[in-house]
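Overview (structure and organization)
Here's the letter readout for the chains.
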Amino acid sequence: MTPGQTETVAVLAGGVGAARFLRGLLRVRRPTDVTAIVNVGDDFTLHGLNISPDLDTVTYTLASVINPETGWGRAGESWRVLTELGRLGGQDWFQLGDLDLALHLYRTQRRSEGASLSQVTGEIAASFGLELTLLPVSDDQIQTRITPAEPTGAAEIDFQDYFVAQRHGISIRAVRFAGIDTARPAPGVIEALWGSAVVVVAPSNPFVSIGPVVDVPGVREVLAQRRHSVVAVSPIVGGASIKGPAGAMMTELGHEASAVGVARLYAEFAGTLVIDDADRDLAPAVSDAGMSPVVADTIMSSPERAAALARTTLEAVSGS
């Protein structure tokens, strides 16, 4: 441990896999010792509302109000507003329940009053009783843009169009993050990356969840300087992603859809990669790619298994 570091943990996060990992982590670390730095490339505006899907998924999961069947949205949700919107002929392709809408209304209200995204995120987290530090990676606007492999009438489409409207059912040939070159890390992000004993790259999509976090100016540089204490969990198991399009994206963007492919993407800024038991035979190739492999059960099918994975991940670099 270097001077100034404590037993705190910073986690680069995006999506359902990261939320489940964080839920497990909070079983083995005090919430006040954890900072989650969350992707905002998925953020968008719909019906005039500011929507932050990854921040909300993390919040709902850690507050135990997530819809357990979908991994997103609220449990016990009602849909009166969306149903009426559809009847009127409005846009109802993005599933926003009534409770979810209330949160977006609050975020939009506070942003219109001049509050930053990180300020509002802290307020929302506190309202759910969360004690960890929850940060957007940036308060500035970053938009994940997808280039389809086949012509669709538009050179690029918004991430939510690809992911939700088209159910990530089309092939792609490029991903870019509009606005990221001038984006600044949100207050507390760089301090958390330097001050934590361990930095974890959660099992999230390397391109559209981790990419918009690491590519914010300053983040990758900090990670690279302390890569010996940065550990990633592979989101690819047995050549496929557990949830979402990560595996398909890796192939379509010219990378090997495997834990080895993940290692090649992360080796510049992370020194250790946790891979699943199913990929044990790939450990030597992960090592050849520049990362120290750790083999474990990475399937977070229960909070208990998520906690076991979190413990193994921390021990991989800290011995704690």
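Scroll up for the structure.
What counts and what doesn't
Residues numbered from 1 in each chain as written. Predicted model: local features only at pLDDT ≥ 70, side-chain atom pairs only at ≥ 80, totals over all residues. Heavy atoms only, no water. Helix = DSSP H or I, 4+ residues; strand = E, 2+ residues; numbered from the N terminus. Rg over C-alpha atoms; globule rule 2.2 N^0.38 Å. Buried < 20%, exposed > 50% of the residue type's maximum accessible area, 1.4 Å probe, protein only. Contact = heavy atoms within 4.5 Å. Areas by Shrake-Rupley, 256 points an atom, 1.4 Å probe, with all protein chains shown as cover. Lys, Arg positive; Asp, Glu negative; His and termini not counted. Charge placed at Lys NZ, Arg CZ, Asp CG, Glu CD. Phe/Tyr/Trp six-rings, centres within 6.5 Å; stacked < 30°, edge-to-face > 60°. Salt bridge = Lys/Arg side-chain N within 4 Å of Asp/Glu carboxyl O. Pairing = 2+ DSSP bridges. Axes fitted to C-alpha atoms, helices over the stretch in contact; angles between N-to-C directions. 1 Å grid on protein atoms, 1.4 Å probe; cavity = no way out; pocket = protein on both sides within 12 Å on 5 of 7 lines; lining within 4 Å. Points joined across faces, edges and corners; volume = space filled by probe spheres on them. Nonpolar A, V, L, I, M, F, W, Y, C, P; charged D, E, K, R; others polar.

**Side note on the overall build of the protein chain**
When you go through the protein chain residue by residue, the secondary structure sums to 13 helices and 14 strands. The globule rule puts the C-alpha radius of gyration for 320 residues at 20 Å, and the 19 Å found for the protein chain is close to it. Counting only residues that meet the buried cut, the protein chain has 52% of its 320 residues in that class. Partitioning the contacts of the protein chain with sequence separation of at least 6, the portion at a separation of at least 24 is 68%. On the protein chain, roughly 13500 Å² of surface is accessible, and the fraction owed to carbon and sulfur atoms is 50%. Each charge class in the protein chain can be summarised by its mean position, and for the 24 positive and 36 negative side chains these summaries are 2 Å apart.

**Some thoughts on the packing of aromatic side chains**
Taken as a whole and judged by the stated rule, the model has seven aromatic pairs. Geometrically, the ring pair formed by Phe44 and Phe94 is edge-to-face, given 4.9 Å between the ring centres and 70 degrees between the ring planes. Linking Phe44 in strand 3 (residues 44-46) with Phe94 in the loop between helix 3 (80-88) and helix 4 (98-112), this pair joins segments that are 50 residues apart in sequence. Side by side, Phe44 and Phe94 carry an identical accessibility label, which is buried. Geometrically, the ring pair formed by Phe159 and Phe163 is stacked, given 5.2 Å between the ring centres and 15 degrees between the ring planes. A residue pair is termed a helical-turn pair when its members lie 3 or 4 positions apart in one helix, as Phe159 and Phe163 do in helix 6 (residues 159-165) at four residues. According to the relative accessible area criterion, Phe159 is buried, its value standing at 4%. These aromatic residues form a ring-pair network of at least three members: Phe44, Trp93 and Phe94.

**Quick look at the pattern of salt bridges**
Counting across every chain of the model gives 16 salt bridges. One salt bridge in this structure joins Asp33 and Arg30, with 2.9 Å as the shortest N-O distance. Taking the shortest distance from any N to any O, the salt bridge between Asp158 and Arg145 comes out at 4.0 Å. Here Asp158, found in strand 7 (residues 157-158), pairs with Arg145, found in strand 6 (residues 143-148); they are 13 residues apart in sequence, far enough to count as distant. Put simply, Arg145, Glu156, Asp158 and Arg176 are held in one network by salt bridges that share partners.

**Observations regarding the sheet that holds strand 1 (residues 9-13)**
Judged by pairing direction, the sheet is parallel, and its seven strands sit side by side in the order 5-2-1-9-10-13-14 without closing on themselves. Each edge of the open sheet is held by one strand with a lone partner, namely strand 5 (133-136) and strand 14 (292-296). Neighbour to neighbour, the strand axes of the sheet diverge by 20 degrees on average, direction disregarded. With four bridges joining them, strand 2 (residues 34-38) and strand 5 adopt parallel strand pairing. Across the sheet, residue Ile37 finds its bridge partner in strand 5, namely Leu135. Contacting strand 2 and strand 5, helix 2 (residues 53-62) crosses the sheet at an angle of about 170 degrees to strand 5.

**With respect to the environment of Gln141**
Note that Gln141 resides in the loop between strand 5 and strand 6. Classification of Gln141 as exposed rests on a relative accessible area of 59%. Between the C-alpha atom of Gln141 and that of Asp161, which follows or precedes it by 20 residues, the distance is 18 Å. Beyond its immediate sequence surroundings of up to four residues, Gln141 is in contact with Ala178 and Gly179.

**So, empty space enclosed by the protein**
Following the criterion strictly, the structure yields one cavity of 30 Å³ or more and no others. Here the largest cavity defines a volume of roughly 30 Å³. Lining the largest cavity are Leu55, Asp56, Thr59, Arg107, Thr121, Ile124 and Leu134. Looking at the lining of the largest cavity, the elements with two or more residues in it are helix 2 and helix 5 (117-127). It is helix 2 that provides the largest number of residues to the lining of the largest cavity, a total of three residues. Counted by class, the lining of the largest cavity contains three nonpolar, two polar and two charged residues.

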